[in-house]
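Observations on the model geometry
Chain residues, written in single-letter form:
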Amino acid sequence: MMNSIIQFASKLVRGQTGETADIYKFHGGVHPDGHKQESTTRPITKLSIPEKLVLPLRQHVGHIPKVKVQVGDRVLKGQMLAEAEGTVSAAIHAPTSGTITAISEQVIPHPSGLPDMCVTLTPDGKDEWIPLQTTDWRNTDKNTLIASLRSSGIVGMGGATFPTQIKVRADGKSHIHTLVINAAECEPYITCDDMLIRERADEIVKGMEIVKFLLGAEHCIVGIEDNKPEATIAMTAACKALTNTTVKVVPTLYPSGDARRLIHLVLGIEIPHDRRSTDVGVQVFNIATVLAIYRYFTFGEPATSRIVTMTGSVNSPQNFEVLFGTPLQTLIDAAGGAKSGTTHFIMGGPMMGFDLPTINVPVTKAANCIIAATPDLFAPPPPAMPCIRCARCADACPVNLQPQELYWFSKSDNFEKAYDYKLFDCIECGCCSYVCPSNIPLVQYYRYAKSEIIAADKAKEAADLARERNEFRLARIEREKLERAQKHAERAASGKAEATKAGEAKTAPAKTETDKPAAAATTDDAKKAAIAAAIERAKALKAAAAQADDTPEKTETETTSTAHTSSETAPAEADQDAQAKAEQAKKDKQALIAAAIERAKAQKLAAAQAGISPKNVEDASPAVQAEINEIDAIREKALQTGKAKASDSED
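Residues numbered from 1 in each chain as written. Predicted model: local features only at pLDDT ≥ 70, side-chain atom pairs only at ≥ 80, totals over all residues. Heavy atoms only, no water.

**Brief notes about the sheet that holds strand β6 (residues 92–93)**
One open sheet accounts for three strands, arranged β3-β5-β6; its pairing is antiparallel. The sheet is open, and its two borders are formed by β3 (66–67) and β6, each paired with just one other strand. As paired elements, β3 and strand β5 (residues 80–83) share two bridges and run antiparallel to each other. Residue pairing for β5: V67 is matched across the bridge by A82. (Pairing = 2+ DSSP bridges. Helix = DSSP H or I, 4+ residues; strand = E, 2+ residues; numbered from the N terminus.)

Pasting the structure below:
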C-alpha cells in the first residue's frame, strides 16, 4: 500500500495522472493548514450504545417531523419516531431498541444555543431491529423508490442536511446528465469522508449506481482532493465496476468542496448565481449520503448513525461510527478524553463550523466533525482594525464578490446596496476573514445583513398577505352590499308596478284627471240654466204683481227680493251637488291608497317570512346609498302628491 501511495504521489507531482486532466481552476481560495493526519492513523471504530440517546427533531433543512410515539412506548431499532411533515422534511428513527422516556425541549447543537423539541430514548441493550425489507431497486418504479426515500430519514451528510428525496425526484424542468460525487472534504481537521472511502469504497460505488439510476444520469464523476492519495487509489479501483464513471483529482484548495466550486473544477461549468446545478443537468451528492442510500435499499436500514471525526485537543483523535443522539461526552471519552486547556468544542470545521453552546448536546445528522479547541490551536481573534482597502479579501473570494464593499454596506445597515452587490451569493466560506490583515470578522457582518434582509422580507410578505386578505374581504363585503341593494331595488320596482296596476284597475269607474274640465263645464251649464229659470220665475211673479191691487212699490220690492232669493238658491243647490261628487272621489282615492299600503305590507311580511327581506344597508357604499335614497325620494314624492291631491279635493 505504501508503494502505491508513493507511486501515485510521484505521478501527481509530474502531472502524469489521467485523473488530473481537464481540471478547471476557480477564482480565489485559501490554503489553511489541514491537520488531517492526526485522525487518519486509526481505522473507523464503532461506538458502543450509550445510556441515553437524545434525538432532536430539527436535524435537517425544512419542516420538523411529526412525532409518532409517546412517553413509555417501547421501540425497536429503525422504528420511525417522527414522520416527515411537509414537502421538505425528513423522518427520525430509533437508533437502537429501548423505551421513550421523554419528549421535551433540550439544548441542541445549534449556533443559537436555544433548546428545541427532542425525543429521549433509553436503550435496553438488546439493539433489536424492526423487520427490515430490502428493495429490488432495479425492477421497481422510480417514483416508488423516491417515495420510499421519504421514510428513510436520509439527508445530505456533508453538512447541508437537505432531505435526499428532494434531490432525486424528477421535477420535469431539466434532465440530469451528470452525477458529481463530492469527496473533496476541503475543510481542515475533517477526515470522515477520507476514512469512509478507504474502508468502504465498494459500498459507496454501489450507492452511486443507485443514485445514477434514480436521476437517470449517464455519467458520474468523483471529485477528490490530491491530499488523499489512499482514498483516491481505493475509489479509482472501486469505480472500475461502474460504467461511465471517472475519478478526478482536484487541487487542495479551500473551498473546493463547495458544490458549485467542485462542478466548476471537474466540468468547467459556471453555475449562474440565480440558478441551481440541476438547471444545467448536474446533481451533487456527498460520499456518506450515497452510502446511506445503498444501505437503505439493499438492507432496509434507515438513517440511524454516521461517521464523525473526533479531533483537536483529545488524546486519541479518530473517526467513529456514532448513533444519532449519542451525548457528546460519550464521543469525547471514546477519543481518550479532552486534554487540559480545552476551552470549547467546535462542530464542523474551523472555517465554517460554530462553537457548541455546551458539552451537553447530542450528535446529529449534521455532525461530521467535533474539534476540541484550545488557545494554542485557535487563538482568540485580535481586535479588529480599520479596513485598509488592500483588496486581499476580493482576491481570496471564490465567488468573485467585493467583500470590502459588502462589509461597508452591512456595517452601515445599507442592506439595499448590500443586496445589489449580490450579498446572498456569499457562501460564508470565511476566506475573506482568513486573509484580512485587519482581522475584521467579515463573515459575521454578512450573516447579520442576511438575517436582517430575510427578516424584513418575511415581515413584508406577512404584511402583503394581510393586505391581500383585507382587500379581498372588503371586495366581498362590497359585492354582497351591491347584491342586496340590487335585490332591494328590484323588489321595490316590482311592488310599485303591482301597486300601479292594481290602482288603475280600481279607479277605472271613477273620474280621472283628464275628466275634470268636462265635469267643471257641466257644472257651469247647470248653474246658468238654474239662474235663467229663476229669472223667468221672477218675471212671471212681477207680471202677476202688476195686475194685483197692492202698492206697486211694495209689490216690486217683494218681487225683487223673491227674485234675488230664487237666484241665490239655485246656484247653492248646484254647489252642493258638485261638493258631494268631490267628496266621493276623495273617498275612492283614499280607499285605493289604503289598499296599496296593505298590499305592500303583505308583500313585505311574506318576503320576511321567506327569508329574503333586505338586510341592513347602513354601511353601504356611497353609490349604493345614493340609489337607495333615490328610491326613497320617489316613494316620498308619490306619497306627498297623493296627500296634496286629497287636500285639494277637500278644499
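**Digging into the nonpolar core**
Membership of the largest hydrophobic core comes to 67 residues, with the highest contact counts inside it found for I181, I204, M208, M235, F285 and F297. The greatest single-element share of this core, amounting to 12 residues, is contributed by helix α4 (residues 192–215). Apart from residues lying up to four places away in sequence, I204 is in contact with L196, I197, M235, I287, V290 and L291. Judged by nonpolar contacts, the second largest core, of 19 residues, contains V399, C436, V443 and Y446. (Core = buried A, V, L, I, M, F, W, Y, C linked by side-chain atoms within 4.5 Å. Buried < 20%, exposed > 50% of the residue type's maximum accessible area, 1.4 Å probe, protein only. Contact = heavy atoms within 4.5 Å.)

**Looking at the environment of D33**
Its location among the elements puts D33 in the loop between α1 (2–14) and β1 (45–46). Separated by 154 residues in sequence, D33 and E187 place their C-alpha atoms 9.3 Å apart.

**Some remarks on the pattern of salt bridges**
For the structure on display, the rule yields 19 salt bridges. Among the salt bridges present, the one from D194 reaches R198, with a minimum N-O distance of 3.1 Å. Note that D194 and R198 are positioned in helix α4 at a spacing of four residues, about one turn of the helix. For R198, a relative accessible area of 28% corresponds to the partly exposed category. Close ionic contact of D464 with R467 constitutes a salt bridge, the shortest N to O distance being 2.7 Å. One end of the pair, D464, and the other, R467, are both in helix α13 (residues 442–506), three residues apart, so they sit about a helical turn from each other. Accessibility expressed as a relative area gives 26% for D464, which makes it partly exposed. Its relative accessible area of 45% is what places R467 among the partly exposed residues. (Salt bridge = Lys/Arg side-chain N within 4 Å of Asp/Glu carboxyl O.)

**Observations regarding the confidence of the model for the chain**
Mean pLDDT over the chain works out to 84, with 83% of the residues at or above the 70 mark. Of all secondary-structure elements in the chain, the lowest mean pLDDT belongs to α1, at 46, while strand β14 (residues 318–323) reaches the highest, 97. Contacts for the low-pLDDT stretch residues 5–20, under 50 throughout, to residues beyond four places or in other chains number 19 contacts. Contacts of residues 549–571 to residues separated by more than four positions or lying in other chains number 13 contacts, the stretch itself having pLDDT below 50. (pLDDT = per-residue confidence, 0-100.)

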